[in-house]
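# Fold and contact review
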Amino acid sequence: MKLLLIEDNTAMQTTLQRSFERRGMQVVLCGDGARALDRWRASVPDVVLLDLSLPGMDGLSVLAAARAEGLATPVLILTARGTVGDRILGLNTGADDYLAKPFDLDELEARVRALARRSAARPADGPLTPEFCGLRADPGSGAVYLHGQALDLTVREAALLRALLVAPGQAMAKERLSDLVFAGETQVQADAIAVVVYRLRKKLVGTSAQLVTLRGLGYLLKDSA
């Protein structure tokens, strides 16, 4: 099992790395929130342990960006923020579990293994990997492929396309799409989603997938072939 530990406290890094490696797990370390997503993509972990107080980018922003990008790795938040409100915020942002510091190492290991088991039991061909008009979203990396070739999309364009691929032919409300595309962002202009739609539509030219605007309803993908 491979773990990605995103934690800036070096003493905590050392303790957890030694503890998990003694238990036969591989641990990849990252102490900077701004570099966390790159390390996440590169290491392809089975479980992510995420601290909330990080330099560069706080843990919740890292988590929100990862989920918007389609990174589906189970996440266990480790933090000194132990209030109910903090736990709810973390879980609503996309965390799978939450453990307040200080914690018992045996309990942490048990939770990590439980998350890994649940992830392994997830159907490989479920809703996280939809296909439509040759388009397929990879659940691990968040990338979208057209007939096996990765499309050159921005993070927001990929998030929008993944959301529409879940239910092709069905309209998705503009507000719901905006929440998915701009997850974790607090200041989003009213027409921001329309800009992303416009740019994505241009990149779908040449495919049979058509991005349609439905006034008052939202957007949908349809097969124009």
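Residues numbered from 1 in each chain as written. Predicted model: local features only at pLDDT ≥ 70, side-chain atom pairs only at ≥ 80, totals over all residues. Heavy atoms only, no water.

### Description of the overall build of the protein chain
The criterion, for reference: Note on conventions: DSSP H or I runs of at least 4 residues are helices, E runs of at least 2 residues are strands, and numbering of each starts at the N terminus. Between buried and exposed lies partly exposed: a residue is buried under 20% and exposed over 50% of the maximum accessible area for its type, with that area taken using a 1.4 Å probe on protein chains only. Areas reported as accessible are Shrake-Rupley estimates using a 1.4 Å probe. Residue values count occlusion only from the protein chains shown.
A count of helical and extended segments in the protein chain gives eight helices and eleven strands. Taking all 225 residues of the protein chain together, 41% fall into the buried category. A total accessible area of about 11600 Å² is found for the protein chain, and carbon and sulfur atoms account for 50% of it.

### Regarding the sheet that holds strand 4 (residues 75-79)
Rules: Paired strands are those between which DSSP finds at least two bridges. Axes here refer to lines fitted to C-alpha atoms; in helices the fit is confined to the stretch in contact. Angles between the N-to-C directions go from 0 to 180 degrees. When checking whether two residues touch, look at their non-hydrogen atoms; a contact exists if any pair is within 4.5 Å.
Read from one edge to the other, the open sheet built from five strands follows the order 2-1-3-4-5, with strand pairing classed as parallel. The open sheet is flanked by strand 2 (26-30) and strand 5 (97-100), the only strands paired with a single partner. Each strand of the sheet is rotated relative to its neighbour by a mean of 20°, with strand direction disregarded. Two elements, strand 3 (residues 47-51) and strand 4, share four bridges in a ladder whose sense is parallel. Counterpart to Leu50 in the pairing with strand 4 is Ile77. Those strands touched by helix 2 (residues 33-43) are strand 1 (2-6), strand 2, strand 3 and strand 4, and its axis lies near 155° from that of strand 2. Sitting on the sheet, helix 3 (residues 59-69) touches strand 3 and strand 4, and the angle it makes with strand 3 is about 145°.

### What to know about the packing of helix 2 against helix 3
Think of two packed helices as two axes; the pair is described by the angle between the axes and how far apart they sit. What counts here: Less than a right angle of anticlockwise turn of the near helix away from the far helix marks a crossing as left-handed, whereas a clockwise turn marks it as right-handed. In this classification, the charged set is Asp, Glu, Lys and Arg, the nonpolar set is Ala, Val, Leu, Ile, Met, Phe, Trp, Tyr, Cys and Pro, and all remaining amino acids, among them Gly, are polar.
Two elements in contact, helix 2 and helix 3, have axes whose closest approach is 10 Å; the angle formed by their N-to-C orientations is 35°. Every pair of crossing elements has a handedness; the one defined by helix 2 and helix 3 is right-handed. Seen from helix 2, the contacting residues are Gly33, Ala36, Leu37, Trp40 and Arg41; seen from helix 3, they are Val62, Ala65, Ala66, Arg67 and Glu69. Partitioned by chemical class, the residues of the contact of helix 2 with helix 3 number six nonpolar, one polar and three charged.

### Thoughts on the nonpolar core
The line we're drawing: For the purposes of this section, nonpolar cores are sets of buried Ala, Val, Leu, Ile, Met, Phe, Trp, Tyr and Cys residues that join through side-chain atoms within 4.5 Å.
Formed by 28 residues in total, the largest nonpolar core has its most connected members in Leu135, Leu160, Leu161, Leu164, Leu177, Leu211 and Leu221. Within the residue set of this core, elements represented by two or more residues are strand 7 (135-137), strand 8 (144-146), helix 6 (155-165), helix 7 (174-181), helix 8 (192-203), strand 10 (209-214) and strand 11 (218-223). When residues of this core are assigned to their parent elements, the largest contribution, seven residues, is made by helix 6. Dropping the residues within four chain positions of it, Leu221 is found in contact with Phe132, Leu161, Leu164, Leu165, Pro168, Gly169, Leu204, Gln210 and Leu211. Counting 20 residues, the second largest nonpolar core, distinct from the first, contains Leu4, Ala36, Leu50 and Ala66.

### Focus: helix 8
In an α-helix there are 3.6 residues to a turn, and that puts residues three or four apart on one side. Where we set the bar: Each helix should span, by expectation, one fewer than its residue count multiplied by 1.5 Å. Directions from the helix axis toward the C-beta atoms define the arc.
Taking 1.5 Å per residue as the helical rise, helix 8 with its twelve residues ought to reach 16 Å, and the 17 Å between its terminal C-alpha atoms agrees with that figure. What helix 8 keeps buried is the set Ala192, Ile193, Val196, Val197 and Leu200. The arc that holds every buried residue of helix 8, seen down its axis, measures 135°, which confines them to one face. Residues of helix 8 that are buried sit in contact with helix 6, helix 7, strand 10 and strand 11.

### Points about the sheet that holds strand 8
The four strands lie next to each other as 6-7-8-9, forming an open sheet whose pairing is antiparallel. Each edge of the open sheet is held by one strand with a lone partner, namely strand 6 (131-132) and strand 9 (149-150). For strand 6 and strand 7, the ladder comprises two bridges, and the chain directions are antiparallel. Bridge pairing in strand 7 places Glu131 opposite Arg136. Here helix 6 sits on the sheet and contacts strand 6, strand 7 and strand 8; the angle it forms with strand 8, its principal contact strand, is near 75°.

### Comments concerning the environment of Ala225
With respect to the element layout, Ala225 can be found in the segment after strand 11. Note on Ala225: relative accessible area 86%, which makes it exposed.

Structural measurements only, silent on function.
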